[in-house]
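# Coordinate analysis (summary)
Each chain is listed here by its residues.
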Amino acid sequence: MLASRLHWRLLIGTIVVLMAAMLLAPRIVRGPDLDENRVLAQRPAWPASVGELGAFRKAADAWVSDRFPARPHLIGALNRVRMLAGVSGSPRVVVGRHGWLFYDGGDHLASAQAAGPTDSQALPWLLNLAGRTEALKAKGVTYLVLAPPLQETVYPEFSPGWFHLNPERQAVRLAELAQRTGAGEVLYLHPTLMAAKARGVPMYTRHDTHWTGQGAWEGYAAMMRRLKAMGAAVDDPRPMSDFREIRPGHVVKPRNLALMLGVASFVGVDYLELGDPDAEARATTTWLDPLHDWTKPHVIETGAVGKPVLMLTRDSFSTALTPYLYRHFSRIILSHNQDGTWREDLMAAYRPDIVVLEVLESGLGYSLDPAPAPSEATRQRILERMAPRPPLLAPTAQRLAAALDAAPAGKCNLERAELRAGRDGPELLVSGWISELAAENTAPLGWVRLRGPAVDVTAPVRVDFSRPDVAAYFRAPKAAEASGFAGLYRLPAAPVDSLAIYRRAGAGWIACDGGRLKPGG
């Protein structure tokens, strides 16, 4: 009995000591830095009636869980152990290889893994880009979309094993389509940062989503070069040596991913920050919102006389980018994308010479709405350039050439054979009909063949388009009705001068000789 009482006393005493330690230790031992990137539960109001007791209990549980004194210590210690095992303790953070952390916005890095939009899906975005570009160009204003890449696209080798970088992801596709259609200027910075990474320059660190000072400088230099190529009156980018390291050795360096896990106090943070303290000291800031927060609109008067005016709508990547811009612009109008990426009010008030939308690649797809409508001519140009690229005529295989050479003439009519200039070089447009005039057609596919002094090339062509006029003429509806052909083809570099169309007829082929080709007709 005495041993049993002693056992319970020791057990109760141990529990009391542990509870007291968890309550008192945080007053003695500083907790690890923790930023869960969410709003913690607030103390609930006392219930006014019995019916509110259930909701009060749930709210009180959440408040106690979020405000428990030793909570940061427990989260930090547990997540550090998990991180060493390659497991994340936060739904917002993915643990990669060699201690690298990546941000999970709820899509499990899908922005870098998923395929980008098809041409038709991207069309509204391209029209918005063209509309913005055209509207500003009419006022003499240069418009540029600047897209920094995601951390995992630059360092995929440190991502989790299940991650696969898609070479046709959204940002790649949209930047390529913008260039192909001439809708506007989109500078996707992934190639720029990859080139710098290949030189051994750190573009990102393992504990933060944002680019380093060196990465931001690469983005700044590429932006200034692109603006100059677009005809904007800007200076060349300044060398990195013109800027100074700021906050060297500071204990609070960018490390948002480590903060989300609560392990920021347990890991070393190596993050170079660069700036221009002299230029920043001369500048004056006018806030356009009562809340003086970096996300709120404000105007920086840099004192750089005779320089153009820049309007920059941006996200958090601009924090490291903006210091490089002070000596290039006399005035910089800053606003955050969360308040709109098309700020006509600020444009009307400050009349910028250059407007830049800086948006992380994951937000590129939804960042251009709203926008003015482009002109009909611009719309038609975009639609034309988005048409599928015609196939390239390839050298004719030897066996196929022998079979086609032996083909007798068939019933046919080459109604159109036109050589014309295409976006990727010379193209051939053909149309007409060719028929076996049999009870059944042998095959729906045939060949278009071009020959010249030093070239013999072919490409497949469908020969079963509906031609009721041919069927009516020959009174052979079943075969002659499916006899039409049409196609557009890219030509080889070598000159060509003769054309023929072929289709299957039983065990062999029949031919439609198109004769000599003439440009334009």
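Numbers given for residues are sequential positions, taken from 1 along each chain in its written order. At least 70 in pLDDT is required for a residue's local features to be given in this predicted model, at least 80 for side-chain atom pairs to be given and counted, and no such filter applies to totals for whole chains, interfaces and linings, which use all residues. Derived side-chain values reflect all non-hydrogen atoms in the structure, with water molecules and hydrogen atoms excluded from consideration.

## Focus on the sheet that holds strand S12 (residues 394-395)
Taken in spatial order, the five strands line up as S12-S16-S15-S19-S20 in an open sheet, and their pairing is antiparallel. Of all strands in the sheet, those bounded by a partner on one side alone are S12 and strand S20 (508-516). Whether two strands pair depends on DSSP finding at least two bridges between them. Under the DSSP-based scheme used, a helix requires at least four consecutive residues in state H or I and a strand at least two consecutive residues in state E, with every element numbered from the N terminus. As defined by bridge partners, S12 adjoins strand S16 (residues 455-462) across two bridges and the pair is classed as antiparallel. Looking at S16, one finds that Ala-394 is bridged to Thr-458.

## Let's talk about the packing of aromatic side chains
For Phe, Tyr and Trp, rings pair up if their centres lie within 6.5 Å, where Trp contributes its six-membered ring, and each pair is then called stacked (planes under 30 degrees apart), edge-to-face (over 60) or tilted (otherwise). Here the structure, examined in full by the defined rule, presents 14 aromatic pairs. Geometrically, the ring pair formed by Tyr-220 and Tyr-324 is stacked, given 5.2 Å between the ring centres and 20° between the ring planes. Of this pair, Tyr-220 sits in helix H9 (residues 213-229) while Tyr-324 sits in the loop between helix H12 (318-321) and strand S10 (331-336), and the two are 104 residues apart along the sequence. Exposure classes here rest on a 1.4 Å probe applied to the protein chains alone. A residue is buried below 20% of its type maximum, exposed above 50%, and partly exposed in between. We classify Tyr-324 as buried; its relative accessible area is 0%.

## What about helix H7 (residues 170-181)?
For a helix, the expected span equals 1.5 Å multiplied by the residue count minus one. With twelve residues, H7 should cover 16 Å at 1.5 Å per step; its first-to-last C-alpha distance of 16 Å lies within 8% of that length. Ala-171, Arg-173, Leu-174, Ala-175, Leu-177, Ala-178 and Thr-181 are the residues of H7 that are buried. Contacts between residues were defined by any pair of non-hydrogen atoms, one from each residue, lying within 4.5 Å. Close packing links the buried residues of H7 with helix H5 (119-137), strand S4 (186-188) and helix H14 (376-385). Positive phi shows up at Gly-182, right after H7, with a value of about 70°.

## Structural notes on H5
The end-to-end C-alpha distance of H5 is 25 Å, a good match for the 27 Å that 19 residues give at a rise of 1.5 Å each. Taking the largest bend as the criterion, H5 deviates by roughly 30°, centred on Trp-125. Looking at H5, one finds that the buried residues are Ala-122, Leu-123, Trp-125, Leu-126, Leu-127, Asn-128, Leu-129, Ala-130, Gly-131, Arg-132 and Leu-136. The inward-facing, buried residues of H5 abut strand S3 (142-147), H7, S4, helix H13 (344-350), strand S11 (354-358) and H14. Bend angle per residue: angle between axes fitted to the 7 residues ending at that residue and the 7 residues starting there.

## Digging into the packing of H5 against H14
Where helices are involved, their axes are fitted lines through C-alpha atoms of the stretch in contact, as for all axes, and angles between N-to-C directions lie from 0 to 180°. Close contact between H5 and H14 brings their axes to 10 Å; oriented N to C, the two are set at 140°. Taken together, the axes of H5 and H14 lie oblique to each other. The handedness of the crossing between H5 and H14 comes out as right-handed. On H14, the residues that touch Leu-123, Leu-126, Leu-127, Ala-130 and Glu-134 of H5 are Thr-378, Arg-379, Ile-382 and Leu-383. Grouping the constituent residues of the contact of H5 with H14 by class yields six nonpolar, one polar and two charged. We call two directions roughly parallel when the angle between them is under 35 degrees, roughly antiparallel when it is over 145, roughly perpendicular when it lies between 65 and 115, and oblique otherwise. Here a crossing is taken to be left-handed if its near helix is turned anticlockwise relative to the far helix by less than a right angle, and right-handed if that turn runs clockwise. Residue type decides the class: Asp, Glu, Lys and Arg count as charged, Ala, Val, Leu, Ile, Met, Phe, Trp, Tyr, Cys and Pro as nonpolar, and the leftover types, Gly among them, as polar.

## Points about unusual backbone geometry
Apart from glycine, the bulk of residues carry a negative phi angle, and the bulk of peptide bonds sit in the trans form. In this chain, Asp-369 is followed by Pro-370 through a cis amide linkage whose omega measures 10°. Mapping Pro-370 onto the fold places it in the loop between S11 and H14. Look at His-108: it is not a glycine, yet its phi comes out positive at around 55°. Relative to the helices and strands, His-108 is located in the loop between strand S2 (101-103) and helix H4 (110-113). Despite not being glycine, Arg-351 has its phi angle at roughly 45°, a positive value. With respect to the secondary-structure elements, Arg-351 resides in the loop between H13 and S11. Overall, Arg-351 belongs to the exposed group, its relative accessible area being 70%.

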